[in-house]
Amino acid sequence: MRDNEWLYRGRLGRFLEELVVPHLYGETHPLELTAWPVPDEPVPFAEAARQEYAPFEVGTAWGRGWSTLWLHVTGAVPADWAGRPYEIVVDLGFRKELDGGQAEGLAFRPDGSIIKAIEPFNRYLPVEDPDAIDLYLEAAANPEVAVGGSWHPTPFSSKDTVPDTLLYVLRRFELAIRNLDVWELNQDIEVLAGLVEELPPDLPRRAELVVALNEAMDALDPADVPGTAARARERLAPALASPANASAHRVVATGHAHIDSAWLWPVRETVRKCARTFANVIALTEEHPDLVFSCSSAQQYAWVKQFYPELWDRLKEKVAQGRFVPVGGMWVESDTNMPGSEALARQFVMGKGFFQREFGYEPLDVWLPDSFGYSGALPQVAVAAGARWFLTQKMSWNETNVLPHHTFWWEGIDGTRIFTHLPPVDTYNSRLAAFELAKAERQYADQGHGNTSLVPFGYGDGGGGPTREMVAKAHRTADLEGSPKVRIGTVNEFFGEAEAELAHPHTWSGEMYLETHRGTYTSQLRTKQGNRRSEHLLRAAELWATTASVRAGLAYPAEELRQVWETVLLQQFHDILPGSSIAWVHRQAEANYARVAGVLEGIIERSLAALVGEGEGALVANAAPVALAGVDAFAVRPPVEGEGEVVVTEQDGGWVVDTGAIRAVVDADGLLPSVVDAASGRELVAEGRRFGLLQLHNDRPSMYEAWDIDGHIGRVVTDVVEADSVRLLAHDARTVTFEVVRSPRASTITQRITFTAGSPAIDLDLDIDWHEQRTLLKLAFPTSVFTDRAASEIQFGHIHRPTYVNTSWDVARYETVAHRWVQVAEPGFGFAVANDSTYGHDIRRDHPGGRAPGTTVRLSLVRGPMFPDPQTDQGLHHLRVSAVCGADIASAIRAGQRLNQPVREIRGARAVEPIVAVDSPAVILEAVKLAEDGSGDVVVRLYEALGSRATAVVRAGFGFKAAERTDLLERPLVPGDASEAGTVPLTLRPFEIVTLRFRGVR
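Residues numbered from 1 in each chain as written. Predicted model: local features only at pLDDT ≥ 70, side-chain atom pairs only at ≥ 80, totals over all residues. Heavy atoms only, no water.

(A) Structural detail: the nonpolar core. Formed by 162 residues in total, the largest nonpolar core has its most connected members in Trp-70, Trp-544, Leu-942 and Phe-998. At eleven residues, helix H16 (residues 583-612) tops the list of elements feeding residues into this core. Ignoring anything within four residues of it in the chain, the contact list for Trp-544 reads Ile-604, Ser-607, Leu-608, Leu-611, Ala-621, Asn-622, Ala-623, Phe-634, Ala-635 and Val-636. Judged by nonpolar contacts, the second largest core, of 48 residues, contains Val-646, Phe-755, Leu-764 and Ile-843. (Core = buried A, V, L, I, M, F, W, Y, C linked by side-chain atoms within 4.5 Å. Buried < 20%, exposed > 50% of the residue type's maximum accessible area, 1.4 Å probe, protein only. Helix = DSSP H or I, 4+ residues; strand = E, 2+ residues; numbered from the N terminus. Contact = heavy atoms within 4.5 Å.)

Here it is in structure tokens:
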């Protein structure tokens, strides 16, 4: 007869709670504590050690939110403990069920060197000198922002709103004897009891384990737990020794600690989290020679190098040993939907550059387990940066559809493929628990073709990393019947094995759209505007600085630009740019963007001044890669007078505007019921509808407010039609502007609608004084264009998405991301909407009852989620949108450039010819800069933008010895010599990126 599992389960729970866990430690001995509370922001160890410390006792409350308490700890190990295992045990007041988002500590020796960290599930410190214990602990009172696991408005979002209450009570800080046999028994039981829960009920192995566990409980004497723990372990030894099946799933387990570079804590706290986690990992590798730790984000290494040089030296030793392994090759684990083309490239340029300089090591993988969807441009960018492999698990968060593969080729918009793995364990924070390993085996979608998956293990999000308990689980499941086979290894080892066993992987083509977190395209508008503006200022600063260096001998500001890039790239982290961090993070980001703008404006001003010379002549500088305002790309010219005249007539309480390219009606509500393309006579506005309609959507996602826009978003919508005032604001021969003021609810929105002679564009400037919460503001353009797909700009090209809803994949794609423009078209006729600020869109076929179907294009402008920042998006915003009639893709590109890289009016003595030019309208020059190695070589990055094959000739406006194709890291791919005319002919496939390096510039 089988043992009764119900009774066994209850017995085991009490056994662990009452006998095993209380006896993990035996005798204890007190330590002497003194403390110094830091008055404000954290201070370095040297400053803390100089302070006056006062007596402090266990049981004392401490820690206002975001504060720091330094503890000085002294004492000695009792003489009669000699030869016995002991350590210092600390409880800062932890909630045992919460692994992160609470108090943490970092222990230092009196000389300032780091020992290790204290975390909720890593509560011990080693004793290095039993006769003279002397250490300092920096205890961080990080508040639980998501109180009780809820996601509601929090006073801890900003330092200014933190309650004046103490959050923690120091529960324990003492010496304790370790009962090693009890600890080992606990690990045995956790592994086998976990396995019982995963095995089928009728399997003999399950019954065998239940019997063994019952026998172990029988063998333990409650009166002498430490003395009989070894006997209990003997009862379990045969079950642990039974080998795994030959066909068992194989797991490569790699130590990891996902550390969000900011999220529910500020960046300054991430710096300390890195030190805590890295110190823990280094200490654990000393105990376990087989442990390897995979760690991404060059920025986090750079912080440790800057702020913790002693720890940095030890970390470098571990990297050299192959125990601490840089992965990912990016500056941070960035969002991949919203960073611009060059910014996405620079994540790799700067990330890999750092790893190569500091360690002589180049990661071959892209490690992005937690970013919110993956751009279709990423495969090409990654491969161009030297990557071979890509890893994420975030796609397991899809709310509607399941990605059909776990190990596969991912193909980008240009056809580039990268070998990709989605760990079927569905977490990057595994504890190597039995249920996680069983899940990895059960869910692995490529069974029969492959049989190996990766499991990153260690506490993460807030850091912490692997623990000795997790390593114990890995050792016990290395070859255990009923469990997958677990081997600790590196990411490179895993991908090598996966490539070898999968002869013909399946292919996923295009973007990996995450079916959740769609609100991240819109939340925290100021952060997104700062990013967009910074990217374009960087592009202009590098262009003009390069031109000034080559043409005028001005020193290239490489260090200034590097520092700016580091700031911008950091703030593209996947919880900063998406708008999903606490208020502290976003206010700091906004301040950083303002500082960045000041630095870049200074570089641009100095560079242009050196180029144009002193003078009062009116000039226009165009940093865009397309001609604007009559000025060639990358040129400085005198202004060009526009041609034509805009005509305005009053009609039915509104106005009719004729620019020569379009004829539009502005009605008494300040909306546009008609826009007719002059060339074709085509009406753009859907029958019975109006352009420029603002809409308020009830925006209450079920859980993750800043992250999500739920599928019910379109059910409760209020059209903002009523206007406080509609007036003709300004009119001259070339332009006419109307002003419309609306006051929906508690907010005020001022729209200025501008028409320009000869232009098919309708420009809308919006000043939004926003005081709505849990409300999404959209701007709608219901068009007469009937199409089955819409084009949206992404990095280095664009992507087409269906406008219809046939499948569950179409249903789930109700909010999408685009950069500077979107476009819908029928053969020979199109319509585009460009923007300077936002990323969220929805574009769907529209079937108004009884009227002709069309396509509605809507932009998501601003939201008001209340977690994790209760004041998200409140206050003043300025946005620019341009609706372009009759627009093809090239017209959409020009519209996006005009809004985001507007020409500059300056004064000077002379015009400036472009430093580089290309003769094909299909090819966009994305970046012009000097080489990263300081050689003075000019680097030009370009791409095919229309989605077709193209031939082009690149002409350099300077002398050079040779031009060669390189990868993103400026390493040669195809060496070549320049022609006598100084030109480089190219043939590009659709959306292909090309980087050219001009050597020997003169």
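Moving on from the model shown.
(B) Structural detail: the packing of aromatic side chains. Taken as a whole and assessed by the stated rule, the structure comprises 41 aromatic pairs. For the ring pair Phe-278 and Tyr-301, a centre distance of 5.9 Å and an interplane angle of 50 degrees mean the geometry is tilted. Of this pair, Phe-278 sits in helix H6 (residues 267-287) while Tyr-301 sits in helix H7 (residues 298-307), and the two are 23 residues apart along the sequence. The residues Phe-278 and Tyr-301 share a single accessibility class, namely buried. Relative to Phe-359, the ring of Phe-355 has its centre 6.3 Å away and its plane inclined at 20 degrees; by these criteria the two rings are stacked. Linking Phe-355 with Phe-359, this pair stays in helix H9 (residues 341-359), spanning four residues, or about one helical turn. (Phe/Tyr/Trp six-rings, centres within 6.5 Å; stacked < 30°, edge-to-face > 60°.)

(C) Quick peek at the pattern of salt bridges. What the rule picks out here adds up to 79 salt bridges. With its nearest N and O atoms 2.8 Å apart, the salt bridge here joins Arg-801 to Glu-511. Of this pair, Arg-801 sits in strand S37 (residues 797-802) while Glu-511 sits in the loop between strand S22 (507-509) and helix H14 (525-552), and the two are 290 residues apart along the sequence. Note on Arg-801: relative accessible area 5%, which makes it buried. We note a salt bridge from Arg-587 to Asp-869, for which the minimum N-O separation is 3.1 Å. Here Arg-587 is found in helix H16, whereas its partner Asp-869 is found in the loop between strand S42 (854-862) and strand S43 (875-885), with 282 residues between them in sequence. Judged by its relative accessible area of 1%, Asp-869 falls in the buried class. (Salt bridge = Lys/Arg side-chain N within 4 Å of Asp/Glu carboxyl O.)

(D) Expanded view of the state of the cysteines. Using the criterion set out here, one finds zero disulfides in the structure. The thiol of Cys-295 is unpaired, and the distance to the nearest cysteine sulfur, on Cys-274, comes to 7.2 Å. Taking relative accessible area as the criterion, Cys-295 reaches 2% and is therefore assigned buried. (Disulfide = S-S within 2.5 Å.)

(E) Structural detail: the sheet that holds S22. If you walk across this open sheet you meet the five strands as S16-S17-S19-S18-S22, and the pairing is mixed. Edge strands, defined here as strands with exactly one partner in the open sheet, are strand S16 (365-367) and S22. Each neighbouring strand pair of the sheet contributes to a mean axis angle of 30 degrees, computed without reference to strand direction. Note: strand S18 (residues 407-411) against strand S19 (residues 417-421), five bridges, orientation antiparallel. In the sheet register, Glu-411 faces S19, and the bridge partner there is Arg-417. This element, helix H13 (residues 491-501), spans S16, strand S17 (389-391), S18 and S19 of the sheet and lies at about 110 degrees to S19. (Pairing = 2+ DSSP bridges. Axes fitted to C-alpha atoms, helices over the stretch in contact; angles between N-to-C directions.)

(F) Broad picture of the pairing of S42. The element S42 is extensively covered by neighbouring structure, given that nine of its nine residues are classed as buried. By the bridge criterion, seven bridges tie strand S35 (residues 775-783) to S42 in an arrangement that is antiparallel. Following the sheet pairing, Pro-782 is matched in S42 by Thr-856. Where strand S41 (residues 840-846) and S42 come together, six bridges link them in antiparallel fashion. Bridged to Ile-843 within S42 is Val-857.

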